[in-house]
Amino acid sequence: PPEHECFAIVFDLEGYALKNADLTWCWNVIDSLQNHYPERMGMCLLLNPPTVFWLLWKVVKPWLAQRTVSKIIFVDGDAKKKLKSLFNDDQIPSLLGGTGAVTPQSFIQDLCGPPPPAAAKKKGWFSWSRSGKNDQSVVLDAPPPAEALGEEGQKLQQLSQAAVGSEEPQALN
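None of these values were measured; they are calculated from a predicted model.

## Side note on the environment of H4
Then, number 1: Relative to the helices and strands, H4 resides in the segment before β1 (7-12).
Then, number 2: Spatially, the C-alpha atoms of H4 and R40 are 7.0 Å apart, while their sequence positions differ by 36 residues.

Put into structure tokens, the structure is as follows:
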């Protein structure tokens, strides 16, 4: 309806293969757009669809509402020319031939703010915490004495000491 703002979705499918397919995500997006926001999607442009995508389209298309199918446009050949015929240059990302500076990261940051800072690593030999009614946290600054660990505990202690500073986990023998 004219009183509602519509949006366009652009998928560049260059290099798409079945190994890239997250069908659950695709189906959730389709379901949301079709059943919860049916008139919000003005168009969906699928740029450079490879052969394997056409096979998937033949499977998915019958499940879609006709009003949704009519909004999906396949663009083979000169996708940049098609985009320029539909949008202003500043609305097209530079990687698709426009002058727009929007990236997925900048779009999300504009919408949600900057990402939270990375969690600080706890210092100490061992760290343990439990969330719940009575939050508890224990950090040992030094390993317990060897005699308190037993034989298996001593092996684990040796492995953990050998792994300090190593990015790769150590295997137990």
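## Some details on the pairing of strand β2 (residues 41-47)
Regular strands show a simple pattern: their side chains alternate between the two faces of the sheet.
Then, number 1: Counting buried positions over the 7 residues of β2 gives 5, a clear majority of the element.
Then, number 2: As for the winding sense of the linkage, the β-α-β connection from β1 through helix α1 (residues 23-36) to β2 is right-handed.
Then, number 3: Relative to strand β3 (residues 72-75), β2 runs parallel, the two being bridged by 4 bridges. Residue pairing for β3: L45 is matched across the bridge by I73.

## Thoughts on the nonpolar core
Then, number 1: Ranked by size, the top nonpolar core spans 12 residues in total: I9, L13, Y16, L33, M41, C44, L46, F53, W57, L64, V69 and I72.
Then, number 2: Sorting the residues of this core by element identifies β2 and α2 (51-60) as the ones contributing at least two each.
Then, number 3: Once you skip the residues sitting within four places of it in the chain, W57 turns out to touch L64, V69, I72 and F74.
Then, number 4: Counting residues in each nonpolar core, the second largest holds 8 residues, with L45, L83, F87 and I92 among its members.

## A closer look at the layout of surface pockets
The gaps left among the atoms become clear once a water-sized probe is rolled over them.
Then, number 1: The space that makes up the largest pocket amounts to roughly 990 Å³.
Then, number 2: Around the largest pocket, the lining is made up of 21 residues, and of these A8, V10, Q91, P93 and V102 lie nearest the centre.
Then, number 3: Within the residue set of the lining of the largest pocket, elements represented by two or more residues are β1 and α5 (104-112).
Then, number 4: Tallying contributions element by element places β1 first for the lining of the largest pocket, with 6 residues.
Then, number 5: Along the lines of polarity and charge, the residues of the lining of the largest pocket split into 16 nonpolar, 3 polar and 2 charged.
Then, number 6: Within this model, the second largest pocket holds a volume of roughly 620 Å³.
Then, number 7: Lining the second largest pocket are 25 residues, with C26, W27, I30, F53 and V60 positioned closest to its centre.
Then, number 8: Breaking the lining of the second largest pocket down by element, the ones donating at least two residues are β1, α1, β2 and α2.
Then, number 9: Here the lining of the second largest pocket is composed, by residue class, of 22 nonpolar, 2 polar and 1 charged.

## Considerations on the pattern of salt bridges
Then, number 1: For the structure on display, the rule yields 1 salt bridge.
Then, number 2: Linking D89 and K84 is a salt bridge whose minimum nitrogen-to-oxygen distance equals 3.0 Å.

## As for the packing of aromatic side chains
Then, number 1: Evaluated as defined, the whole model comprises 6 aromatic pairs.
Then, number 2: Here the aromatic rings of W27 and W63 are separated by 5.4 Å at their centres, their planes lie at 85°, and the arrangement is edge-to-face. In this pair, W27 sits in helix α1 while W63 sits in the loop between α2 and α3 (66-69), placing the two residues 36 residues apart along the sequence.
Then, number 3: Among the aromatic residues, those joined into a ring-pair cluster are Y16, F53, W54, W57 and F74.

## Side note on the environment of F87
Then, number 1: Residue placement: F87 occurs in the loop between α4 (79-86) and α5.
Then, number 2: Along the chain, F87 and G98 lie 11 residues apart, while their C-alpha atoms are 9.3 Å from each other.
Then, number 3: When near neighbours in sequence (up to four residues on either side) are disregarded, F87 contacts A8, M43, L45 and I92.

Each value, and the rule that gives it
- Residues numbered from 1 in each chain as written.
- Predicted model: local features only at pLDDT ≥ 70, side-chain atom pairs only at ≥ 80, totals over all residues.
- Heavy atoms only, no water.
- Helix = DSSP H or I, 4+ residues; strand = E, 2+ residues; numbered from the N terminus.
- Buried < 20%, exposed > 50% of the residue type's maximum accessible area, 1.4 Å probe, protein only.
- Right-handed = clockwise from strand over helix to strand, strands pointing away.
- Pairing = 2+ DSSP bridges.
- Core = buried A, V, L, I, M, F, W, Y, C linked by side-chain atoms within 4.5 Å.
- Contact = heavy atoms within 4.5 Å.
- 1 Å grid on protein atoms, 1.4 Å probe; cavity = no way out; pocket = protein on both sides within 12 Å on 5 of 7 lines; lining within 4 Å.
- Points joined across faces, edges and corners; volume = space filled by probe spheres on them.
- Nonpolar A, V, L, I, M, F, W, Y, C, P; charged D, E, K, R; others polar.
- Salt bridge = Lys/Arg side-chain N within 4 Å of Asp/Glu carboxyl O.
- Phe/Tyr/Trp six-rings, centres within 6.5 Å; stacked < 30°, edge-to-face > 60°.

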